[in-house]
Amino acid sequence: MIPLIKIIAIAAFGLIAFQDFRERAVSWVLFPLVGFLLGFLYLDSTSYEQYALFALVNILLVSGMLLILYLYTKHLAKMKFLNTSFGLGDLLFFYAFALGFPTMTFIVLFSGSILFSLMVFLFSKTRTQMETVPLAGLMGLFLMGVVLASFFPQVPSLYLL
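These numbers were taken from a predicted model, which means no experiment stands behind them.

## Let's talk about empty space enclosed by the protein
Here comes step 1: In total, this model carries 1 cavity of 30 Å³ or more according to the counting rule given.
Here comes step 2: Approximately 40 Å³ is the volume found for the largest cavity.
Here comes step 3: Every residue along the wall of the largest cavity is listed here: Lys6, Leu38, Leu41, Phe101, Val147, Ser150, Leu158 and Tyr159.
Here comes step 4: Tallied by class, residues from the lining of the largest cavity come to 6 nonpolar, 1 polar and 1 charged.

Right, here's the structure in full:
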C-alpha cells in the first residue's frame, strides 16, 4: 500500500511541475491531494499525537515565513503580494509540504527545495524566457527526487527524528 501511495505522490508532484511550467497555474485540487498523501505516509510511521504536533509546528513555521515575506513585499518593496510577487499555488504548496514530514526533516527538505529552485531558475533564466520562478513546480521536482530516493533501502527514512 505504501509504495502505491508514494507512486501517486510522485505522479502528483510531476503534474504540479508540468502545470506550473506549462501554464504557470496549477489546479488547486492537487495541493490537498499532495498534503493528504504526504500526511498519510508520515502518519503511517508515527503516532497521531506526534504527527499533529509536528504538522502544527510546520504550519506555524510556514505561516511565520509567509508573514515576513508579506510584510517585506508590502512595506519595503511596495508591491502587491499575492499573484504578483508570490503565487497562490506556491502558498498552497508550502502548506501541503508542511503536512508531510517531522519538523527537522521538513526544515532540511524545505530549505533544500528552495535552494534547488533558485539554482535551477538562475541556470535556466539565461536559456529560457522565464521571468518568474515556477516555485511550486521546481519544489515538486525536488520532492519527486526525494520520494523516489526513499524507495532505495540504503537511503535513511524521512521520518526518523
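## Examining the layout of surface pockets
Here comes step 1: Space inside the largest pocket adds up to approximately 680 Å³.
Here comes step 2: Along the wall of the largest pocket there are 27 residues; nearest its centre are Phe86, Gly87, Asp90, Val133 and Leu135.
Here comes step 3: Contributions of two or more residues to the lining of the largest pocket are made by helix H3 (48–76), helix H4 (88–98), helix H5 (103–125) and helix H6 (135–149).
Here comes step 4: Here the element with the most residues in the lining of the largest pocket is H4; it accounts for 5 residues.

## What to know about the nonpolar core
Across soluble globular proteins, nonpolar side chains show a tendency to be buried alongside one another.
Here comes step 1: In terms of nonpolar packing, the biggest core is built from 40 residues, with Phe13, Ile16, Phe93, Phe94, Phe97 and Phe101 touching the most fellow members.
Here comes step 2: Of all the secondary-structure elements, those providing two or more residues to this core are helix H1 (2–23), helix H2 (30–43), H3, H4, H5 and H6.
Here comes step 3: The contacts of phenylalanine 94, once residues within four sequence positions are left out, are Val62, Met65, Leu66, Phe86, Phe110, Ile114, Leu135 and Met139.

Criteria and cut-off values
Residues numbered from 1 in each chain as written. Predicted model: local features only at pLDDT ≥ 70, side-chain atom pairs only at ≥ 80, totals over all residues. Heavy atoms only, no water. 1 Å grid on protein atoms, 1.4 Å probe; cavity = no way out; pocket = protein on both sides within 12 Å on 5 of 7 lines; lining within 4 Å. Points joined across faces, edges and corners; volume = space filled by probe spheres on them. Nonpolar A, V, L, I, M, F, W, Y, C, P; charged D, E, K, R; others polar. Helix = DSSP H or I, 4+ residues; strand = E, 2+ residues; numbered from the N terminus. Core = buried A, V, L, I, M, F, W, Y, C linked by side-chain atoms within 4.5 Å. Buried < 20%, exposed > 50% of the residue type's maximum accessible area, 1.4 Å probe, protein only. Contact = heavy atoms within 4.5 Å.

Honestly, it's all geometry; don't read function into it.
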